Amino acid sequence: MEQDLFATFQTRALAAPDAPFLILPDLSVITYGAALARCGQMAGLFHAAGVHAGDRLAVQVEKSADALLTYLAAQCIGAVYLPLNTAYTPAEVRFFLSDAAPALFIHRPQDEAAMAALCDELGVPARLTLGAAGEGTLVPGLSAHGANPTPHAVGPQDLAAILYTSGTTGRSKGAMLTRANLASNAFTLKDYWRFSADDVLLHALPIFHTHGLFVATNITIAAGSAIILCPKFDVAELIRLMPRASVLMGVPTFYTRLLADPAFTRDLVAHMRLFVSGSAPLSAETHKEFSARTGHAILERYGMTETNMNTSNPYEGPRIPGSVGLPLPGVELRITDPDTGAVLPQGAVGGIEVRGPNVFKGYWQMPEKTAEELRADGFFITGDMGVVDAAGYVSIVGRAKDLIICGGFNVYPAEVEALIDAIPGIAESAVIGVPHPDMGEGVVAVVQARDAALDEAAVLAALQGELARFKQPRRVIFVPELPRNTMGKIQKKALREAHADLFAAKVN
Ligand code: AMP
């Protein structure tokens, strides 16, 4: 029988009720047994509020233990969990609620007025509120419900969650993930990354995104291990709690910020088993600097909302800076011609496609979009461009939509960024294409420097002889900080918009 994450959680809680599941920053512990009991009460409350198997349960709340347990309670009753970025405004939430038509919406107490009006207008039948410290209507409502849940019988192909993509290029799409999608990936990663019940994961990621919600939580459940749940990423907090952890999962910004703190030392992390990075490219420079400082090689992996995780550097064996590693067991990966879909030979740059038990069921109520991105043979067109080396390691060269075509030649941003990042004094770079009267698009490097003395001429000089002329940036723009979303991804669209007139202005 296929494994299911809620069943695994329940089995663990019944077999080892005293084992720690969530450790809070004040070091208080919620055991597996206590978490299951709380989940049982939540399941009763949600059910009483009118949520049945297959119904959507939308959540926009601050990160907390109860917030995380709403995910497990939703799994218990067979509901479809729909977490929303806490940064979304009521105007943005309107779209998700009208698109997904949830049976219940859990939101922050302080959003009461706006969300009550929205739910009335859209006909969302039930609401509960939950604050970071347990304020609101959810927690007081629990006491009327028993702690022993009877999980709703679900099948592996039933939906576990809908996660909306960030929608940077158009309408946000709801990726439908099944119970089997989540469970298969969690058990694969648990084995691949050697998780055991002894592990303690330092968790400072948001819990509305695939990384913090699924990768982190689901592996923990699969292994029966524990999570130290930090409300947000804070360098000093991570350094304080690191001695109690064995694994850290982060986005690249975690690692650059840790490295910027002198208190982040080799001694502090000598006991750590694993550092994982993903959700955005980890620069080879950061990888090397981290190894030099700590003696640990960060393990970089690659995944996305629609697929969970696809590739990972090995646990044993070389973790290659700048590469996202090998396809995970059970995941097939191929490189195709973005125009024709033809499979390309090893070594060629093209679109990355993946197939496996991790790949989602399709986009919620968007059959045409689903058909555009999921091929008939089951491969998903990721929208990322990449290349596979002779040893099978995958490198991402950029999003297809970030590809720059300069005078008819393809420029892959990652190649240029890697060289710029290696220039001493550069913190990070983002290479974009903006309209150019002559070349179609002109290559522009937007850089964040550590060394104030560094200027445009120095960056351009460093690239001479390293890159073909057409790949060399025509302009280098210095910014105090690159724009990022909550997952640390650089917002290239915003950069393209900000610099759209760069070359036009020159010609006029
Ligand atoms: P999301 O669906 O928000 O998780 O974003 C997924 C996208 O993030 C992928 O399609 C990639 O473009 C990017 N991404 C995730 N992990 C990595 C990585 N390790 N290196 C480079 N890009 C990554």
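Each value, and the rule that gives it
- Residues numbered from 1 in each chain as written.
- Predicted model: local features only at pLDDT ≥ 70, side-chain atom pairs only at ≥ 80, totals over all residues.
- Heavy atoms only, no water.
- Core = buried A, V, L, I, M, F, W, Y, C linked by side-chain atoms within 4.5 Å.
- Buried < 20%, exposed > 50% of the residue type's maximum accessible area, 1.4 Å probe, protein only.
- Helix = DSSP H or I, 4+ residues; strand = E, 2+ residues; numbered from the N terminus.
- Domains from an automatic or database assignment.
- Contact = heavy atoms within 4.5 Å.
- Pairing = 2+ DSSP bridges.
- Axes fitted to C-alpha atoms, helices over the stretch in contact; angles between N-to-C directions.
- Parallel < 35°, antiparallel > 145°, perpendicular 65-115°, else oblique.
- Left-handed = near helix turned anticlockwise from the far one by under 90°.
- Nonpolar A, V, L, I, M, F, W, Y, C, P; charged D, E, K, R; others polar.
- Buried area = accessible area lost by both parts, 1.4 Å probe.
- Salt bridge = Lys/Arg side-chain N within 4 Å of Asp/Glu carboxyl O.
- Near = heavy atom within 4 Å.
- Polar contact = N/O pair within 3.5 Å; in protein donor to acceptor, adjacent residues only side chain to side chain.
- Areas by Shrake-Rupley, 256 points an atom, 1.4 Å probe, with all protein chains shown as cover.
- Phe/Tyr/Trp six-rings, centres within 6.5 Å; stacked < 30°, edge-to-face > 60°.
- Lys NZ or Arg CZ within 6 Å of the ring centre and 35° of its normal.

Caption draft 1: View of the nonpolar core. If you look at the biggest cluster of nonpolar residues, it comprises 120 residues, and the most contacted ones within it are F9, F46, I106, W193 and M249. Sort the elements by how many residues they give to this core and helix 3 (residues 65-76) lands first, with 9 residues. When we break this core down by domain, the ones giving at least three residues each are domain 1 (5-232) and domain 2 (274-399). When sequence neighbours within four positions are dropped, the list of residues in contact with I106 reads F46, L57, A58, V59, Q60, V61, T70, L128, L130 and L138.

Caption draft 2: Molecular detail of the sheet that holds strand 19 (residues 380-388). Reading across the sheet, the 4 strands line up as 16-17-19-20 and stay open at both edges, with antiparallel pairing between neighbours. Either end of the sheet is taken by a strand with one partner, and the two such strands are strand 16 (332-336) and strand 20 (394-399). Neighbouring strand axes in the sheet, compared pairwise and without regard to direction, differ in orientation by 45° on average. With 4 bridges connecting them, strand 17 (residues 350-355) and strand 19 associate as antiparallel partners.

Caption draft 3: Representation of the packing of helix 1 (residues 5-15) against helix 2 (residues 32-48). At their nearest, the axes of helix 1 and helix 2 sit 8 Å apart, and the two run at 125° to each other. The angle between helix 1 and helix 2 falls in the class oblique. Regarding helix 1 and helix 2, the two cross each other, and that crossing is left-handed. Contacts from F6, F9, Q10, R12, A13 and L14 of helix 1 reach helix 2 at Y32, G33, A35, L36 and C39. Looking at the contact of helix 1 with helix 2 residue by residue, the class counts come to 8 nonpolar, 2 polar and 1 charged.

Caption draft 4: The domain arrangement of the protein chain, seen in detail. Under the domain assignment, the protein chain is made up of domain 1 (5-232), domain 2 (274-399) and domain 3 (404-498). A C-alpha centroid distance of 39 Å is found between domain 1 and domain 3. Facing the 7 residues of domain 1 at the interface are 4 residues of domain 3. Summing both sides of the interface, domain 1 and domain 3 together bury roughly 460 Å²; the carbon and sulfur share of this comes to 65%. Counting the contacts that link domain 1 with domain 3 gives 0 salt bridges.

Caption draft 5: Representation of the site of the ligand. E300, R301, T305, D384 and R399 are the nearest of the 16 residues found near the ligand. Within the backbone of S279, a nitrogen or oxygen atom sits 3.2 Å from a nitrogen atom of the ligand. Here the ligand has 500 Å² of accessible area as a free molecule, and 90% of this is covered by the chains. Residue assignment for the shell around the ligand shows that the elements contributing at least two residues are strand 13 (299-304) and strand 20. Counting residues per element, the shell around the ligand draws most heavily on strand 13, which supplies 5 residues. In terms of residue class, the shell around the ligand is made up of 6 nonpolar, 5 polar and 5 charged.

Caption draft 6: Layout of the packing of aromatic side chains. Under the defined criterion, the tally for this structure stands at 18 aromatic pairs. Taken together, a centroid distance of 5.4 Å and an interplanar angle of 50° make the contact between F9 and F21 tilted. Remark: F21 occurs in strand 1 (residues 20-23) and F9 occurs in helix 1; sequence separation between them is 12 residues. You'll find F9 and F21 in the same group, each marked buried. For the ring pair Y71 and Y81, a centre distance of 5.5 Å and an interplane angle of 55° mean the geometry is tilted. One end of the pair, Y71, is in helix 3; the other, Y81, is in strand 4 (residues 80-83), and 10 residues separate them in sequence. Joined through ring pairs, the aromatic side chains of F6, F9, F21 and Y32 make up one cluster. Across the ring face of Y32, the terminal group of R12 is positioned such that the distance to the ring centre comes to 5.0 Å. Seen from the ring of Y315, R319 lies directly overhead, with NZ or CZ sitting 5.4 Å from the centre.

Caption draft 7: Structural detail: the side chain of H287. Assignment of secondary structure puts H287 in helix 11 (residues 284-294). Residue class for H287 comes out buried when judged on its relative accessible area of 4%.

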